[in-house]
Amino acid sequence: MDVTKIRRPDGMARITTKEQADAFIAEQIKLAQDEIGDKKVLLALSGGVDSSVVAALLIKAIGQQLVCVHVNHGLLRKGEPEQVIEVFRNNMNANLIYVDATDRFLDKLAGVTDPEQKRMIIGGEFIEVFAEEARKLDGIEFLAQGTIWPDVLESEAGIKAHHNAGGLPEDLDFELIEPVRILFKDEVRVVGKALGLPENMVERQPFPGPGLGVRCPGAITRDRLEAVRESDAILREEFAKAGLEGKVWQYFTVVPDFKSTGIKDGKRTFDWPCIIRAINTTDVVEVTVEHLDPALIDHLVQRITTEVPGINRVLYDYTPKPPATVEWE
Ligand code: XMP
């Protein structure tokens, strides 16, 4: 079957309930089993909503015939690789290959300051690492992807070149399987919950492919990257405690590569600022800033400046889009 021809049926009811999700899952399991038979399927499992839902669905359909590859490019948020391993390998018994390619990515990125060049390196290296893993495996005939309906519509409208198999080298000529292709994002989340994925995985805020790399502006260094990762973890923890998780569309920290003076324990410091960004949007074309409770800001400033090495100042980015973009790079 040529999956690129599969379309969302006109008038298809929006999947909002567990019953509808269960019916969709049963249907997709049957379709996948008929299509795949006893063959093997490869999936790049990032831990994002779409690839996680595809993984959970295909594990139900074909079990160990699904081979998931989780590439850690060293730019993931705190706890993400661990959660992928816990959920898929430990809880769902997935056939999961974990590749820690941190050194490889950070070596290639060393000294690179141009944002688009950073993106190209991260994207290109990702495909190379994934392709190397794919070549080590025997008998893979299918590539599963977390394509969703808005991706199809945006590709057709020429807005976004979809991240599909076209990106893989020619010797890796797999047939595509796209089990959530006809779903909108909110439906993917309902299906994910019905499949038993953890709430925080299914309700995750959007996270860019180049990860924390675009939140560490300029040339990425390991110490500044760690400051981004730690401050982001604190921000997420405090947003969750304040009941903002799932309510604010996207929130993160940025640690730019300049320093300012400060004082700690009576001594002069010369450290980076940490910038907090929290935004709301429906289409990411126009974005408004979330106005935080001043008490929460005070608490964040206190925690970040005391717990994150290398940070002596916290700023809040009050700029909507336009004129600013969401990410700093
Ligand atoms: P901007 O910064 O363009 O971001 O206003 C809009 C949305 O897109 C995300 N974003 C990316 N996602 N690869 C991605 O997969 C990227 O290179 C990239 N750059 C930005 C950003 O997080 C926001 O949600």
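I will try to describe carefully the structure that is included in this document. These numbers were taken from a predicted model, which means no experiment stands behind them. (Residues numbered from 1 in each chain as written. Predicted model: local features only at pLDDT ≥ 70, side-chain atom pairs only at ≥ 80, totals over all residues. Heavy atoms only, no water.)

## Brief notes about the site of the ligand
Stated formally: We call a residue near a molecule or strand when any one of its heavy atoms sits within 4 Å of it. Under this definition, polar contacts are N or O atom pairs within 3.5 Å; protein pairs additionally need one hydrogen-donor-capable and one acceptor-capable atom, and for neighbouring residues in sequence, both atoms have to be side-chain atoms. Under the convention used here, a 1.4 Å probe and the Shrake-Rupley method define accessible areas, while residue burial counts only the protein chains that appear. The residue classification treats Ala, Val, Leu, Ile, Met, Phe, Trp, Tyr, Cys and Pro as nonpolar and Asp, Glu, Lys and Arg as charged. All others, Gly included, are polar.
Surveying the vicinity of the ligand reveals the residues Arg-119, Pro-208, Gly-209, Pro-210, Trp-249, Gln-250, Val-284, Lys-321, Thr-325, Val-326 and Glu-327. The separation between an oxygen atom of the ligand and a polar main-chain atom of Gly-209 is 3.0 Å. In this structure, an oxygen atom belonging to the ligand sits 2.5 Å away from a side-chain N or O atom of Glu-327. Coverage of the ligand by the protein chains reaches 69% of its 490 Å² of free accessible surface. For the shell around the ligand, the per-class residue count stands at five nonpolar, three polar and three charged.

## Observations regarding the nonpolar core
Put simply, the rule reads: Here, the term nonpolar core denotes a set of buried Ala, Val, Leu, Ile, Met, Phe, Trp, Tyr and Cys residues that are joined through side-chain atoms within 4.5 Å. Using a 1.4 Å probe on the protein chains alone, a residue whose accessible area is under 20% of its type maximum counts as buried, one over 50% counts as exposed, and one in between counts as partly exposed. Secondary structure counts use DSSP, requiring at least four H or I residues in a row for a helix and at least two E residues in a row for a strand, with both numbered from the N terminus. A contact between two residues is defined here by any heavy atoms of the two lying within 4.5 Å.
In terms of nonpolar packing, the biggest core is built from 52 residues, with Leu-42, Phe-174, Phe-239, Leu-300, Ile-304 and Ile-311 touching the most fellow members. Only strand 2 (66–72), helix 4 (102–109), helix 5 (115–136), strand 4 (140–144), helix 9 (222–241), strand 8 (267–281), helix 10 (294–307) and strand 10 (311–316) provide two or more residues apiece to this core. Here Leu-300 is in contact with Ile-234, Leu-235, Glu-238, Phe-239, Ile-276 and Leu-292, once residues within four sequence places are set aside. Listed in part, the 43 residues of the second largest apolar core include Ala-32, Val-41, Met-92 and Val-180.

## Some details on the packing of aromatic side chains
We count it as follows: Pairing of aromatic rings covers Phe, Tyr and Trp, the last counted by its six-membered ring, and requires centre-to-centre distances within 6.5 Å; plane angles under 30 degrees mean stacked, over 60 mean edge-to-face, and any other angle means tilted. Criterion for a charge above a ring: Arg CZ or Lys NZ at most 6 Å from the ring centre, at most 35 degrees from the ring normal.
What the rule picks out here adds up to two aromatic pairs. For the pair Phe-239 and Tyr-251, a centre-to-centre distance of 4.3 Å together with 25 degrees between the ring planes defines the contact as stacked. A residue pair is termed long-range when its members are at least 10 positions apart, and Phe-239 in helix 9 and Tyr-251 in strand 6 (residues 250–254) qualify at 12 residues. Ring geometry for Tyr-316 against Tyr-318: centres 5.0 Å apart, planes inclined by 70 degrees, an arrangement best described as edge-to-face. Above the face of the Phe-207 ring, Arg-77 is positioned so that its terminal group lies 4.1 Å from the ring centre. Taking the ring centre of Phe-252 as reference, the NZ or CZ of Arg-215 above it sits at 3.9 Å.

## A closer look at the sheet that holds strand 4
What counts is decided by this rule: Criterion used throughout: strands pair if DSSP finds at least two bridges between them. Only C-alpha atoms enter the line fits that serve as axes; for helices the fit covers just the stretch in contact. Angles between N-to-C directions range over 0 to 180 degrees.
Judged by pairing direction, the sheet is parallel, and its five strands sit side by side in the order 3-2-1-4-5 without closing on themselves. Strand pairing shows two members of the sheet lacking a second neighbour, strand 3 (95–100) and strand 5 (175–177), which therefore form its edges. Neighbour to neighbour, the strand axes of the sheet diverge by 30 degrees on average, direction disregarded. Two strands pair when backbone bridges link them, and strand 4 and strand 5 are joined in this way by three bridges, in the parallel orientation. From the neighbouring strand, Phe-142 faces strand 5, where its bridge partner is Glu-175. Contacts from helix 1 (residues 18–36) reach strand 1 (40–44), strand 4 and strand 5, with the element oriented near 165 degrees to strand 5.

## Structural notes on the packing of helix 9 against helix 10
This is how it is decided: Throughout, the term roughly parallel applies to angles under 35 degrees, roughly antiparallel to angles over 145, roughly perpendicular to angles from 65 to 115, and oblique to all others. Helix crossings get a hand from a simple test, with the near helix turned counterclockwise from the far one by less than a right angle marking a left-handed crossing and a clockwise turn marking a right-handed one.
Contact geometry for helix 9 and helix 10: axes closest at 10 Å, N-to-C directions at 150 degrees. In this view, helix 9 runs roughly antiparallel relative to helix 10, as classed from their interaxial angle. For the element pair helix 9 and helix 10, the recorded crossing hand is right-handed. In this structure, helix 9 uses Ser-231, Ile-234, Leu-235, Glu-237, Glu-238, Phe-239 and Lys-241 to contact helix 10, whose residues at the interface are Leu-296, His-299, Leu-300, Arg-303, Ile-304 and Glu-307. In terms of residue class, the contact of helix 9 with helix 10 is built from six nonpolar, two polar and five charged.

## Focus: the packing of helix 4 against helix 5
Contact geometry for helix 4 and helix 5: axes closest at 10 Å, N-to-C directions at 150 degrees. Every pair of crossing elements has a handedness; the one defined by helix 4 and helix 5 is right-handed. Judged by residue contacts, Arg-104, Phe-105, Lys-108 and Leu-109 of helix 4 engage Lys-118, Ile-121, Ile-122, Glu-125, Phe-126, Glu-128, Val-129 and Glu-132 from helix 5. For the contact of helix 4 with helix 5, a count of residues per class yields six nonpolar, no polar and six charged.

## Quick look at helix 1
Residues separated by three or four positions in an α-helix point in the same direction, a consequence of the helix having 3.6 residues per turn. Selection rule: Helix span, expected: 1.5 Å multiplied by one less than the number of residues in the helix. Here the arc refers to the set of directions running from the helix axis out to each C-beta atom.
In this model, helix 1 (19 residues) spans 26 Å end to end at C-alpha, consistent with the 27 Å of a helix rising 1.5 Å per residue. Looking at helix 1, one finds that the buried residues are Ala-21, Phe-24, Ile-25, Gln-28, Ile-29, Ala-32 and Ile-36. Seen end-on, helix 1 carries its buried residues on one side only, within an arc spanning 140 degrees. Pointing more than 90 degrees away from the buried face of helix 1 are the exposed residues Glu-19 and Asp-34.

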